[in-house]
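Architecture at a glance
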Amino acid sequence: MSPNDHVPLDELADQAGRVRVAVIGGGIAGLVAALECTKVGLQVTVFETSGRLGGTVSTVELDGIRVDTGADCFASRGRLARLVDELGLAGALIAPATETRWVVGTGGGEDAAPLPEDTLLGIPENMFGHEAQAILGTGGTWRAYLDRLRPPLTIGHERRLSVLVRTRMGQKVLDRLVAPLAVGVYGAEPDDIDVDAAAPGLNAALTRTGSLSGAVATLRAQRGGSAIRSVEGGMSRLVDALEAQLRAAGAEIRVATSVSALEPPGDRWTVRAVDEDLEADAVIVATPEASARALLNPVVPTLDTAPSGGIPIETVTLVVDAPGLDAHPRGAEALALPGSRAAAAALHLTAKWGIGDGRHVVRIAFGGPDTAPATADLDDAAATEMAATEAASLFGVAIERVRAAHRARFTLAPSHAVTGRRRLATQGRNAIEAVPRLAATGAWLSGSGLAQVADDAAATADRLRRRALFSD
Ligand SMILES: Cc1cc2nc3c(=O)[nH]c(=O)nc-3n(C[C@H](O)[C@H](O)[C@H](O)COP(=O)(O)OP(=O)(O)OC[C@H]3O[C@@H](n4cnc5c(N)ncnc54)[C@H](O)[C@@H]3O)c2cc1C
């Protein structure tokens with residue numbers, strides 16, 4: 001049957017109710033994909049290996065405070081923004097009180113300064129702004145200004161972020177403004193970031209305006225302000241609402257149930273799970289890359305076997321007494337100049353979201369591109385101690401007491417801003433979807449970030465449900 005064939009709607013609904021889809025992975029990708037499948041009446045079973053849904057989205061109670069230990073916010077756009085509405089959570093959204101980031105390790109007297117707000121990928125619109133000058137110093141500022149005097153055609157269309165910035169504005173802009181953000185936000189060195197993927201239109205605007213700072217100004221004006229949001233009470237409320245909606249739609253959810261293998265159709269897929277196998281008409285794999293490849297490689301002959309890798313990171317979330325933090329001395333986040341500290345960054349969740357009730361909640365991140373987390377070989381007590389020391393150094397305050405700590409390990413999926421990532425992901429996806437009634441989604445294919453993950457999961461589920469209903 002093809003989508004063009006005329007099928008009476010009642011018959012189509014009956015048909016949908018006989019199709020079972022297995023969704024493997026209960027992170028945001030899996031939950032969004034599962035929900036899309038239930039919307040057309042498919043029967044859905046979700047498998048999640050851990051004891052809880054949500055994956056990287058996790059809220060825990062620390063010293064009586066609900067705290068996000070993974071993703072703490074999302075870009076409010078696309079499928080995710082609509083979903084929040086559908087789930088009745090729009091009224092629970094909160095905007096950050098501050099998004100200011102500081103960079104620490106600049107050397108000199110202060111050793112820390114706020115990143116200017118008028119930047120794109122850390123590239124300043126105005127290098128003479130007070131904040132940019134404080135970080136760049138006089139020499140660095142004047143070198144950056146050469147950008148305004150230099151004809152754009154001396155470098156042409158340059159896709160490597162590092163080369164573009166160094167050539168136009170000099171090494172200090174690259175090292176002190178661009179690199180901390182690239183590593184902290186994209187998890188990638190500027191050398192590995194493709195300007196056309198990270199900031200589409202920047203190169204064209206450079207040619208039009210005649211300078212990189214002019215191009216930044218143009219793109220910033222077109223894009224408008226950022227709209228990141230969180231959920232009051234923690235991001236896990238989003239997961240809870242998704243779970244409730246799935247259960248109401250009749251989905252079966254099996255937590256603490258790892259899927260170890262997929263066996264290809266015969267007539268149906270066999271999903272090998274620890275407790276009980278499942279026969280399914282269609283399968284969506286929504287796990288992180290390593291487990292996705294373990295499941296997919298045996299059944300997708302053309303899937304490239306070389307892992308593209310993610311970045312191991314650890315976070316230690318602390319509830320602390322630190323009166324020095326009352327004034328929010330480093331805004332929402334302090335980013336270490338790469339290599340200058342054991343930690344990569346410290347997030348002040350109390351400054352950003354107003355949580356803490358007199359105490360302060362901070363989250364220290366360790367590890368980055370080509371840098372294993374400094375906490376990797378430490379036990380929990382030693383990792384907590386290192387996190388408190390790094391928090392004191394990055395925020396420039398004394399930490400008087402650690403009331404509670406939570407440690408988590410993640411693998412950060414590569415961003416699509418990394419050179420070649422989007423092409424690799426498309427190749428992988430094409431190979432997977434060439435197999436009948438099989439699909440995959442998740443951050444390793446969509447790029448890291450909840451908004452992208454949700455968009456991709458919904459689009460992937462849409463393609464699969466068409467194939468499952470109109471049989472490919
Ligand atoms: C520390 C950190 C902070 C972040 N902060 C933000 C943020 O503030 N905003 C933002 O937009 N993005 C953020 N991100 C990125 C974002 O959280 C992720 O891109 C997104 O959550 C990934 O969702 P996912 O469903 O693809 O994967 P995951 O969340 O990793 O979910 C995959 C699930 O699959 C399960 N699984 C694995 N193997 C199996 C198996 N064999 N059988 C069954 N289940 C299996 C796992 O247990 C897991 O629950 C952050 C990422 C990290 C690491």
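What comes next is a walk through the structure. The structure presented is a predicted model; accordingly, all values stated were derived computationally and were not measured.

**Focus on the side chain of Arg330**
Mapping Arg330 onto the fold places it in the loop between β17 (311–321) and β18 (333–336). Setting aside residues up to four positions removed in sequence, Arg330 forms contacts with Thr100, Trp102, Val104, Ala112, Ser393, Leu394, Phe395 and Gly396.

**Here we look at the packing of aromatic side chains**
Applying the stated criterion across every chain yields a total of three aromatic pairs. Here Phe128 and Trp142 contribute two aromatic rings whose centre-to-centre distance is 5.2 Å and whose plane-to-plane angle is 70°, an arrangement assigned as edge-to-face. Here Phe128 is found in the loop between β10 (123–124) and α4 (130–149), whereas its partner Trp142 is found in helix α4, with 14 residues between them in sequence.

**Considerations on the sheet that holds strand β1 (residues 20–24)**
Strand order in the open sheet made by the five strands is β12-β2-β1-β16-β22, with parallel pairing throughout. Of all strands in the sheet, those with a lone pairing partner are β12 (252–254) and β22 (438–440), marking the two edges. Taking the axes of each pair of neighbouring strands and ignoring which way they run, one obtains an average angle of 15° across the sheet. Of the pairings in the sheet, the one linking strand β16 (residues 282–285) to β22 comprises three bridges and is parallel in character. Counterpart to Val285 in the pairing with β22 is Ala440. Running over the sheet, helix α2 (residues 28–39) touches β1, β2 (43–47) and β16 and is turned about 170° from β2.

**Here we look at helix α9 (residues 212–223)**
Here α9 contains twelve residues, and its C-alpha end-to-end distance of 16 Å stays within 8% of the 16 Å for a straight helix at 1.5 Å per residue. On its buried face, α9 sits against β9 (119–120), β10, α4, α5 (161–169) and α8 (202–209). Here α9 starts with a cap whose side-chain oxygen sits 2.9 Å from the backbone nitrogen of Gly214, and that cap is Ser211.

How each quantity is defined
- Residues numbered from 1 in each chain as written.
- Predicted model: local features only at pLDDT ≥ 70, side-chain atom pairs only at ≥ 80, totals over all residues.
- Heavy atoms only, no water.
- Helix = DSSP H or I, 4+ residues; strand = E, 2+ residues; numbered from the N terminus.
- Contact = heavy atoms within 4.5 Å.
- Phe/Tyr/Trp six-rings, centres within 6.5 Å; stacked < 30°, edge-to-face > 60°.
- Pairing = 2+ DSSP bridges.
- Axes fitted to C-alpha atoms, helices over the stretch in contact; angles between N-to-C directions.
- Expected span 1.5 Å × (residues − 1).
- Polar contact = N/O pair within 3.5 Å; in protein donor to acceptor, adjacent residues only side chain to side chain.

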